[in-house]
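Descriptive analysis of the structure
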Amino acid sequence: MTPVSHQTYLEYKDFTAISPEVFSCIARIMKNARGFDLDGYKDQCIKRRIAIRLRATNCSSGEEYCELLRRDDDEVDRLQKVLTIHVSQFFRDPPMFDKLCREIFPLLFALTGMNRSGRPGIWSVGCASGEEPYTVALLLKHFFPDELGRVGATILATDVDEAILKVAREGIYGEERLREVPDEFRREYFLERDGRYQLVYEIRSLVEFLQADLTQTGAFPESDLILCRNVLMYFERSQQEVILHGFADVLRPGGVLILGKSETVVGSALERFEPICTVERIYRRA
Ligand SMILES: C[S@@+](CC[C@H](N)C(=O)[O-])C[C@H]1O[C@@H](n2cnc3c(N)ncnc32)[C@H](O)[C@@H]1O
């Protein structure tokens, strides 16, 4: 028999404490308290994360943890934080942003005349603390100032977690989030204060942050470019398909979708997108 480490045993024990009944109880509490819908997420992934909180709160059973959630609003916050992973970075995956600048932005501005509002609509989905939409804003401001001045651009950034959006709106980051930021951009667009860096207002004001749940596909905004990177991977394949169809429905003709490096268009949604660059996971609405 393969020896089981103490840690693995504990994880296994906590994991089995989350019975289907406990899982639906937690799902109900999260839905009622925060409007956060656990349906469609990968089961194992969610259970592993709930188990982390079970261990951290020293609850001896799933039922005890449900009780704790019912009476302690702060624990609801902590659980939501664990369930939604907020890792992000400015210029995360630089080759993709290079392609965005060289090929996709020019295409978007060329298409602009065709959409009703006259300005490209860009939507960053699952934006976490804002690094992704702000990178888009930085690139537009730096490389497309004329187009930005003439036609403008709407950059909408959404996330299910209101707490992380507060961080995003402030736009203050530690060094670790800025590792890929070119020196020129650091000098021009960030203000250093006590070892932390705040994006200048000129860039922050280009992005609008709103709380929204990706599983509510009926309320998606019309867009020319959708970035949904490192978010789909937390969902079951069937839910990924539903979301991808939702994106195809709201992308205007010629509109572009960008996924994360380990994500791809799946199932029947394949008929609605054609690849522009498979390496960088860039697709055009078919
Ligand atoms: C790993 S971060 C990705 C951040 C950024 N897109 C990037 O690639 O750097 C995943 C984000 O997806 C958000 N998220 C998870 N479920 C969501 C949902 N149902 N609706 C909207 N956002 C969601 C999480 O709150 C988290 O901020």
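Structure report, in brief. The model shown is predicted, which means the values in this text are computed figures rather than measured ones.

Reading across the sheet, the three strands line up as β3-β5-β4 and stay open at both edges, with antiparallel pairing between neighbours. Edge positions in the sheet fall to β3 (172–173) and β4 (190–193), since each has one partner strand and no second. The pairing of β4 with strand β5 (residues 196–199) spans four bridges and is antiparallel. Following the sheet pairing, phenylalanine 190 is matched in β5 by leucine 199.

Moving on, we come to the environment of leucine 165. Residue position: leucine 165 is located in helix α9 (residues 162–170). Taking the number of C-beta atoms within 10 Å as the measure of exposure, leucine 165 has 21 and is therefore buried. Distance in space between the C-alpha atoms of leucine 165 and proline 106 is 29 Å, their sequence separation being 59 residues.

A few words now on the site of the ligand. The environment of the ligand is made up of 22 residues, and the closest members are Thr84, Ser88, Gly126, Ala128 and Leu214. For the shell around the ligand, the class distribution of residues is eight nonpolar, seven polar and seven charged.

On to the sheet that holds strand β1 (residues 121–125). Taken in spatial order, the seven strands make up an open sheet running β6-β2-β1-β7-β8-β10-β9, and their pairing is mixed. Every interior strand has two partners, whereas the edge strands, β6 (207–211) and β9 (273–277), have only one. Strand after strand, the sheet turns through a mean of 25 degrees between neighbouring axes, direction not considered. Where strand β2 (residues 154–159) and β6 come together, five bridges link them in parallel fashion. Paired with leucine 156 across the two strands is glutamate 208, which belongs to β6.

With respect to the helices and strands, isoleucine 276 occurs in strand β9. Sequence spacing of isoleucine 276 and isoleucine 258 is 18 residues, and the spatial spacing of their C-alpha atoms is 9.8 Å. With sequence-adjacent residues up to four places away left out, isoleucine 276 is seen in contact with Val256, Ile282, Tyr283 and Arg284.

Parameters at a glance
- Residues numbered from 1 in each chain as written.
- Predicted model: local features only at pLDDT ≥ 70, side-chain atom pairs only at ≥ 80, totals over all residues.
- Pairing = 2+ DSSP bridges.
- Helix = DSSP H or I, 4+ residues; strand = E, 2+ residues; numbered from the N terminus.
- Buried ≥ 20, exposed ≤ 12 C-beta atoms within 10 Å, placed from the backbone.
- Near = placed C-beta within 6 Å.
- Nonpolar A, V, L, I, M, F, W, Y, C, P; charged D, E, K, R; others polar.
- Axes fitted to C-alpha atoms, helices over the stretch in contact; angles between N-to-C directions.
- Contact = placed C-beta atoms within 7 Å.

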